[in-house]
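Chain residues, written in single-letter form:
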Amino acid sequence: MSKKVAIVGLGYSSFRTTSQDVSYREMIFEAATKCYEDAGGVHPQDIDAFVACSEDFMEGISIADEYVPDQLGAVLKPVQSITGDGLQGLASAAMHVLTGELDLVTLSAFSKASNVLHYANVVSYACDPTYVRPLKENPYFIAGLEMNRYLYETGTTEEQCAMVTAKNKGNALFNPTAAYGAKIDVKDVLQSDPLFSPLKYLDKSQDLDGAIVFLLASEEKAYQYTDKPIWIKGLGWATDTPNLDNRLDGMGDAVYARLAAQKAYEMAGITYPRKEIHFAELDDTFSFKELQHLEALNICSRGEAGKLLEQGVFSKNGDFPVNVSGGSLGVGYLHEANGLQRLMEVVLQLRGEAGKRQLDDVETGLAFAWRGIPTATGAAAVLSSRY
Amino acid sequence: MGILERITKNVDNKYWYPENDTFPVKNRYTAGVAGQKFFQELKDNGKIYGTTCAACKLTFVPAKLFCEQCFAELDDWVDVGTTGILWSWTIAYKNKDDSKKETPTLLAAIRLADGLLVHWLGECSPEDVEIGMPVTAVFKDPGEREGSLLDIGHFKPVIS
């Protein structure tokens, strides 16, 4: 990137499986307050612009950007809302700073999934009205189709997918923000209820409520707010066709992830991601997605992720730790805030503030988010503690 | 209703169902120029049509008005037949409200030319199903068709 952008503040509300006591706006307020405190007590009046990620349907309201300003301290300030994942928001917020006109930009995303009574209906509304919706099926059948095709194309096994769940839920035991940590083994996953075969209950992450807020700063201002700025080195995002009918390649392969990562690596000057990046927090909405994404992100070749997982390469103590936070399978599924949960872990690790799960000698990390069924949208970010 | 009259009670609103306090989200969706013709062929002739982009050497199924690769307008209509290849499949154990299905259903992505149709797979059991096998469309009787994806009742394996 021509100029540098730093993350100088991070705040998050407590993550919970239900949260009847607070509104989503109060949840964001909590995260924003903590973020501004984390950035040396900056007052929102000194912030130049705000980027908020949300999805109308998820909130039971419409035109969600009208609901953004107050909880971020953004009243009568420039606000942009992104109907997308938090990492897409990160790209937008970074571009705000890269204009050179804005020095301090807030980024937020949240999930209030416990308020959504019939999530499958919401997802169904995202499916094509003429070619998919008439079947009146639970749209998660698409995950079953994708998983089956992925296993077929790569020779990955259901056992290897189950191992992802066991690893991530195990990692989550060391993360105080995680709601779904557990010590389980492959057999537990394989014997869990079938959902959309080969996808089973424990192959799928479960909902979580929470809000996450970041503060981004220009290179000139970064050190005014923190001693440990984390630098954004590369960003990339891509959307494959929304139509299932055009996903011949995209049914078994995460083409969106491949393209998003290529761009992010190019920007960050990375040629050999597995060597030049030290760990990754990436989408594991479904267990197989972690393996599929690792391959698409060029951390390993196609069909290799399951084998490397078995060898322990992606374990907490392995050569390339993946989802040390616990990922969505261990922490919980935060909808449009998933990407910011992954970013949060990368930032905490790079700052050396990850507590019991702190990795040794990590300088550069990768965050990758997928927007979930039925989308084929992904966003990647490479971050580093090194200037 | 005129300018001097207003509905002042939710219960009088014809789109509000006070008995279960719900407000239905409904709207029309236009199938489009290509969709209209695609569904007309399903209904009238029991045929599945795609459109071909000569430059990209792709035949889109369902038919599209434009090529998403090169942006050309497409009007080269091709009957792609009613038999395709099973691209992927799954057994759905859950209903839309996440309750357990009494009878799980087989769902499939079927490759026709360069496109995929998503539909039910019938007249077979999971043990017989393999990715790559040929499957064929079973149409409803002409009198029951209404120009929708459901004019095809399901796909079934081709017995060779």
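Above this text sits the structure in question.
Below or above, wherever it landed, is the structure these notes cover.

Rules behind the numbers
Residues numbered from 1 in each chain as written. Chains lettered and ligands numbered in written order. Predicted model: local features only at pLDDT ≥ 70, side-chain atom pairs only at ≥ 80, totals over all residues. Heavy atoms only, no water. Helix = DSSP H or I, 4+ residues; strand = E, 2+ residues; numbered from the N terminus. Buried < 20%, exposed > 50% of the residue type's maximum accessible area, 1.4 Å probe, protein only. Contact = heavy atoms within 4.5 Å. Buried area = accessible area lost by both parts, 1.4 Å probe. Salt bridge = Lys/Arg side-chain N within 4 Å of Asp/Glu carboxyl O. Polar contact = N/O pair within 3.5 Å; in protein donor to acceptor, adjacent residues only side chain to side chain. Nonpolar A, V, L, I, M, F, W, Y, C, P; charged D, E, K, R; others polar. Pairing = 2+ DSSP bridges. Axes fitted to C-alpha atoms, helices over the stretch in contact; angles between N-to-C directions.

It is worth spelling out the environment of N298 of chain A at this point. All names here are of chain A. Mapped onto the elements, N298 comes out in the loop between α12 (287–296) and α13 (305–310). On the basis of relative accessible area, N298 is assigned to the partly exposed category, the value being 47%. Taking the C-alpha atoms as reference, N298 lies 35 Å from A32; in sequence the two are 266 residues apart. For N298, the contacting residues outside a window of four places in its chain are Y265 and P273.

It is common to give the size of an interface as the accessible area that goes away when the parts come together. The interface is formed by 40 residues belonging to chain B together with 31 residues belonging to chain A. Contact with chain A buries area across many residues of chain B, yet W87, K96 and V118 of chain B alone supply 21% of it, more than any other trio. Taken together, the connections running from chain B to chain A amount to two salt bridges. A salt bridge links E137 of chain A to K101 of chain B; the nearest nitrogen and oxygen atoms lie 2.5 Å apart. Counting the contacts that link chain B with chain A gives 18 residue pairs in polar contact (both at pLDDT 80 or more). Mapped onto the side of chain B that touches chain A, the elements with two or more residues apiece are α1 (32–45), β4 (83–94), β5 (100–112) and β6 (115–120) of chain B. Among the elements that make up the side of chain B that touches chain A, the one with the highest residue count is β4 of chain B (eight residues). Split into classes, the residues belonging to the side of chain B that touches chain A amount to 23 nonpolar, eight polar and nine charged.

Bringing the sheet that holds strand β10 (residues 364–370) of chain A into the picture now. Residues and elements named next belong to chain A. Sheet architecture is open: nine strands sit in the order β3-β2-β4-β7-β1-β8-β11-β10-β9, paired in mixed fashion. What marks the edges here is a single partner per strand, and that holds for β3 (79–82) and β9 (279–282). For this sheet, the mean angle separating the axes of adjacent strands, direction not counted, is 25 degrees. With nine bridges connecting them, strand β4 (residues 104–112) and strand β7 (residues 209–218) associate as antiparallel partners.

Our focus in this paragraph is the side chain of H154 of chain B. Residue and element names in this part refer to chain B. Secondary-structure assignment places H154 in strand β8 (residues 152–157). Side chain to side chain, H154 and E123 meet in a polar contact 2.8 Å long. Other than its neighbours up to four places away in sequence, H154 contacts H119, W120, G122, E123, T136, A137 and V138.

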